[in-house]
Amino acid sequence: MTLFHFGNCFALAYFPYFITYKCSGLSEYNAFWRCVQAGATYLFVQLCKMLFLATFFPTWEGGAGVYDFVGEFMKATVDLADLLGLHLVMSRNAGKGEYKIMVAAMGWATAELIMSRCLPLWVGARGIEFDWKYIQMSFDSNISLVHYIAMAAVVWMFTRYDLPKSYRLPVTVLLTLCVYKAFLMELFVHVFLLGSWTVLLVKAVVTGAISLCSLFLFVTLVHSN
Amino acid sequence: MFEEASEVFDNMFKSSFPLTFIVFIPAVLILVSPLPAEAAHEFTVYRMQQYDLQGQPYGTRNAILNTEARTVEAEVLSRRCVIMRLADFSYEKYQKALRQSAGAVVIILPKNMSALPQDIVQQFMELEPEMLATETIIPVYFAMEDDELLSIYTQTLTSSTSQGSLSAAEVLLHTATANGFQMVTSGAQSKAVSDWAITSLEGRLAGVGGEDLPTIVVVAHYDSFGVAPWLSYGADSNGSGVSVLLELARLFSKLYTYKRTHAGYNLLFFLSGGGKFNYQGTKRWLEDNLDHTDSSLLQDNVAFVLCLDTLGNGDSLHLHVSKPPKEGTSQYQLLKELEMVVSSQYPEVKFSMVHKKINLADDMLAWEHERFGIRRLPAFTLSHLPSHRLAQRSSIMDVRPHVDVKKLGRNTKIVAEALARVIYNLTEKGAPGDLQIFTEQMQVQEEQLSAVVEWLTAQPRAAQLVDKDSSVVSTLEYHLTRYLKDVKKHYVKADKRDPEFVFYDQLKQTMNAYRVKPAIFDLLLAVCIAAYLGVMYLAIQNFGVLYSVVRKITQPKTKTH
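The rules we used
- Every chain is numbered independently, its residues counted from 1 as its sequence is written.
- Here the convention is simple: chains get letters from A, ligands get numbers from 1, in the order in which they are written.
- Predicted model: local features are reported for residues with pLDDT of at least 70 only, side-chain atom pairs are reported and counted for 80 or more only, and whole-chain, interface and lining totals are derived from all residues.
- Each helix is a run of H or I in the DSSP string that is no shorter than four residues. Each strand is a run of E no shorter than two, and both are numbered from the N terminus.
- Within these notes, the globule rule equals 2.2 Å times the number of residues to the 0.38 power, and the radius of gyration is based on C-alpha atoms.
- Residue burial here comes from a neighbour count, namely the number of other C-beta atoms, placed from the backbone, that lie within 10 Å of the residue's own C-beta, with 20 or more meaning buried, 12 or fewer meaning exposed, and in between meaning partly exposed.
- Think of it this way: build a C-beta for each residue from its backbone, and any pair within 7 Å is a contact.
- Within a predicted model, pLDDT stands for the predictor's per-residue confidence, ranging from 0 to 100.
- An expected span of 1.5 Å times one less than the residue number is assigned to each helix.
- UniProt positions are given in the numbering used here, feature names are shortened, and annotations may be inferred rather than shown by experiment.
- Only strands joined by at least two bridges in the DSSP assignment are considered to pair.
- Angles shown run from 0 to 180 degrees and are taken between the N-to-C directions of axes, each axis being a line fitted to C-alpha atoms and, for helices, limited to the stretch in contact.
- Among buried residues, those of type Ala, Val, Leu, Ile, Met, Phe, Trp, Tyr and Cys that are joined through C-beta atoms within 7 Å form a set called a nonpolar core.
- Where each domain begins and ends is defined by an automated method or by a domain database.
- Working definition: roughly parallel below 35 degrees, roughly antiparallel above 145 degrees, roughly perpendicular at 65 to 115 degrees, and oblique for all remaining angles.
- Lys, Arg, Asp and Glu make up the charged group, whereas Ala, Val, Leu, Ile, Met, Phe, Trp, Tyr, Cys and Pro make up the nonpolar group; the residues left over, Gly among them, are polar.

Novice: Sorry, what's going on with the overall build of chain B here?
Specialist: Within chain B one finds 16 helices and 20 strands. Taking 2.2 N^0.38 as the reference for a compact globule, 561 residues should give roughly 24 Å; the C-alpha atoms of chain B span a radius of gyration of 34 Å, well beyond that estimate. A principal-axis box enclosing the C-alpha atoms of chain B has dimensions of 130 × 60 × 55 Å. Relative to its 561 residues, chain B shows a buried fraction of 40%. Contacts in chain B between residues far apart in sequence, at least 24 positions, make up 82% of those at least 6 positions apart.

This is the structure we're talking about:
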């Protein structure tokens, strides 16, 4: 399509980040540099993950259409490193819980946006061929922002030493859900053969549910003491 | 935020040069990166003929195509690529597209051309010369139908027909849901091919007994012609003529190896190139033989020149002459022998002589024998077609099923018998009319004929595609050397300053069909996105509301703790 189409996709992908950054008050905390640091951590963690995957996971050479369940599961397990990375970012920032969560999540999600979506958008949405997938990709980046905020919140709750015993289980469940969400989605799509718009919708609903749950937990936890 | 960012960047660039390097180089690379060619569908297209003959341009003059697709039903065709299916193709539609200054025309041919209804084939055959008769500014392409292309055609058809009769809301909805297609060819502009050599092949069988033996020349042109060079397989015209010539060479080489059957005639076989371009190969061959050499078989004592053209079908044979042969000449003898063989052995075949004077004012010569006639050599053409104007001689529809091997074999037999009767002077020796020479071990081999036709129609043999190193030429040469002596190649190159023929390249290209949306769609999308972002902004602004609601819900619990 045209540069205008790229502009559309880019606005759709990027503006929610900008709005979130502005409205959450991070700008007043002078948090830009910290977000950049979080982004750098993201890069470092992804590099480690890639090295790990490349070293220990041979490429799957099964027949076409065959789903390598175990292999994919193991690969999803490597995403646990993301949790470590988020924890690392938050532990290096002093401040209130919300602030730490927002900085880590914003930096993390923005780094992901830049690293894994900007280039395909630039190359694809600007091409002659029109495809809805670039609009979908932009929506997907909005969803992943929410996802990372929820994930950072859950990680923050999990690593608190004053976490009440009764919270331990739900937080762990949420944490597992966060990590394996992509894997479960993939499995779901594979089993039910969904169209790309339905997948996006399901993803939005699932992410919304997880985020709402973590918000409940967070609110309860913060205001309980 | 931006001030902070600029501060950060300032510090970054001041402090460390390598970092600048790392940030800037990819940025520049991304900005200058070419657009990728990731197409919805990619297919091969064959361009219409483009050539100049005697300074006169013919065919399409353009190769570059980058426009949106429409079918001919759409109201506005200007600067659009008009796609048509062969089944719906007509000259009026083609003319309509040209009149409305369409950007290009793409004609979709069905995969199996021999299964087409006969009337469509006939109609298209007659249109081909009309399309080529004048020059066309826009590119005209032919594509082979497949499922993807058909779906592109149907989608274009629905969007083209529904235009104009809709309300504004429907049009808006339509732009969001329907697909347009941008057709793009990847090749460059067509340009003249310089120094193209047309190859012709010659071989002979020498007779015995005396110095100044009469010579019989058998000629067939091997190239094919159609509206698109890459689609012209030329089965009947002139794959059949070539196969007959090769079979005659085989039979007479056998006869000429035995002393008792070695006759007093020289046989000269000539496979000419560029036959569809006013017999350029023959013209040069005659010039070389008559003007530039001292001794040549063609200079001394030529009995007659027999040209073979379109012999693979039909139940009639026509001997086309430009001057009725006089009694007593060997031409007349061959005519009589042909009549005799046909009447006594194949009564179902209608044989006749067709007389047409050479019209020098015409741009194109009618038959190959006229080239010889101009140089005062006694010549005629044998064909099953009654007229040189028939479209079968220059059509892409002339494919393998157009040749009936049985009839081809029968025609070969008739020619061979008649020639043998002339060479051995059998009628004067009192041989009966139904005497068959080519029987048993000497019989015409239909497998051989069908193999040659099969091989010739396996690849397009347009004059623009057969260069001097091509497999067509080398295989023909190999066949000739098996039976004949002194096989020679002759090359024709057009004169540099005043070329008689000019060919152009870019005849086969890859075309991409990109799915596109109209510009209004972008605007519509922008409005939708702006609305979505506005909602997002409000939602994030009022996140506190959600937060307090959640808090209210959880509050009673915390109190009971």
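Next comes the rest of the description.
Novice: Would you mind going over the confidence of the model for chain B with me for this structure?
Specialist: It should be kept in mind that the predicted coordinates are not to be read in detail where pLDDT is low. Residue and element names in this part refer to chain B. Per-residue pLDDT for chain B averages 86, and the proportion of residues at 70 or more is 91%. Under a pLDDT of 50 for its full length, residues 16–20 has, in the predicted model, 2 contacts with residues more than four places off or in other chains. Below pLDDT 50 for its whole length, residues 557–561 participates in 5 contacts with residues either more than four positions away or in separate chains. Across the predicted assembly, pTM comes out at 0.79 and ipTM at 0.88.

Novice: Explain helix 12 (residues 405–423) of chain B to me, please; I cannot follow it from the model alone.
Specialist: Owing to its 3.6 residues per turn, the α-helix aligns residues three or four sequence positions apart on the same side. Residue and element names in this part refer to chain B. Taking 1.5 Å per residue as the helical rise, helix 12 with its 19 residues ought to reach 27 Å, and the 26 Å between its terminal C-alpha atoms agrees with that figure. With 16 of 19 residues buried, helix 12 lies mostly within the body of the structure. Where helix 12 terminates, the next one or two residues include Asn425, which has phi positive at roughly 55°.

Novice: Got a minute to help me understand the UniProt feature "domain: Peptidase M28" (unreviewed entry) in chain B in this structure?
Specialist: As recorded in UniProt, the feature "domain: Peptidase M28" (unreviewed entry) lies at residues 214–370 of chain B. Between the end C-alpha atoms of residues 214–370 of chain B there is a gap of 21 Å, over a span that is 36% helix and 21% strand.

Novice: Looking at this structure, how should I read the UniProt feature "transmembrane region" (unreviewed entry) in chain B?
Specialist: The UniProt record marks residues 523–550 of chain B with the feature "transmembrane region" (unreviewed entry), using the residue numbering of this structure. Its end C-alpha atoms 39 Å apart, residues 523–550 of chain B is made of 96% helix and 0% strand.

Novice: Looking at this model, I keep getting lost on the sheet that holds strand 5 (residues 81–85) of chain B. Mind explaining?
Specialist: One key point about sheets: their strands pair by backbone hydrogen bonds, in either a parallel or an antiparallel sense. Residues and elements named next belong to chain B. Strands sit in the order 1-8-6-5-4-9-20 around a closed barrel of 7 strands; the barrel is mixed. Strand-to-strand twist in this sheet, taken as the mean axis angle between neighbours without regard to direction, amounts to 35°. Note: strand 9 (residues 180–185) against strand 20 (residues 508–516), 6 bridges, orientation antiparallel. Pairing of Gly180 across the sheet is with Val516, part of strand 20. Relative to the sheet, helix 5 (residues 147–161) contacts strand 1 (41–47), strand 4 (66–71), strand 5, strand 6 (104–109), strand 8 (140–144), strand 9 and strand 20, its axis offset from that of strand 4 by approximately 75°.

Novice: Whenever I open this one, unusual backbone geometry confuses me. Can you help?
Specialist: For residues that are not glycine, phi is negative in most cases, and the peptide bond is trans in most cases. Residue and element names in this part refer to chain B. Put simply, Ser237 and Asn238 share a cis peptide bond, and its omega is 5°. Here Asn238 is to be found in helix 7 (residues 235–257). Within the chain, Tyr279 stands out as a residue other than glycine whose phi angle is a positive 55°. Here Tyr279 shows up in the loop between strand 13 (266–272) and helix 8 (280–291). Classification of Tyr279 as buried rests on a count of 26 C-beta atoms within 10 Å. A positive phi angle is found at Gln506, which is not glycine, with a value near 60°. Residue position: Gln506 is located in the loop between strand 19 (501–504) and strand 20.

Novice: Would you mind going over the confidence of the model for chain A with me for this structure?
Specialist: Mean pLDDT over chain A: 85, with 96% of residues reaching 70 or higher. No element of chain A has a lower mean pLDDT than helix 3 (residues 69–78) of chain A, which averages 82, and none a higher one than helix 6 (residues 133–158) of chain A, which averages 90.

Novice: Any chance you could explain the nonpolar core here in plain terms?
Specialist: Taken as a class, soluble globular proteins show a tendency for nonpolar side chains to be buried jointly. All names here are of chain B. Ranked by size, the top nonpolar core spans 133 residues in total, and within it Val106, Val218, Leu245 and Leu306 carry the most contacts. Here this core gets 11 residues from one element, more than from any other, and that element is helix 7. Looking at which domains feed residues into this core, each of domain 2 (41–192 + 508–517) and domain 3 (197–493) gives three or more.

Novice: Whenever I open this one, the packing of helix 1 (residues 3–23) of chain A against helix 5 (residues 97–125) of chain A confuses me. Can you help?
Specialist: Two quantities define a packed helix pair, namely the angle between the helix axes and the distance between the axes. Residues and elements named next belong to chain A. Two elements in contact, helix 1 and helix 5, have axes separated by 10 Å at closest approach and are oriented at 175°. Considering the angle they form, helix 1 stands roughly antiparallel to helix 5. Contacts from His5, Phe6, Cys9, Phe10, Ala13, Tyr17, Thr20 and Tyr21 of helix 1 reach helix 5 at Met106, Ala109, Thr110, Leu113, Arg117, Leu121, Trp122 and Ala125. In the contact of helix 1 with helix 5, the residues fall into 12 nonpolar, 3 polar and 1 charged.

Novice: When you look at the sheet that holds strand 11 (residues 197–205) of chain B in this model, what are you seeing that I'm missing?
Specialist: Residues and elements named next belong to chain B. One open sheet holds the 8 strands; their spatial order is 16-15-17-14-12-13-11-18, and the pairing between them is mixed. In this open sheet, the two edge strands, each paired with only one partner strand, are strand 16 (350–355) and strand 18 (485–493). Pairwise comparison of adjacent strand axes, ignoring direction, gives a mean angle of 20° for this sheet. In this structure, strand 14 (residues 302–308) lies alongside strand 17 (residues 379–383), joined through 4 bridges in parallel fashion. Bridged to Val305 within strand 17 is Ala379. This element, helix 7, spans strand 11, strand 12 (215–221), strand 13 and strand 14 of the sheet and lies at about 150° to strand 12. Lying on the sheet, helix 14 (residues 471–483) is in contact with strand 11, strand 13 and strand 18; it crosses strand 11 at an angle near 5°.

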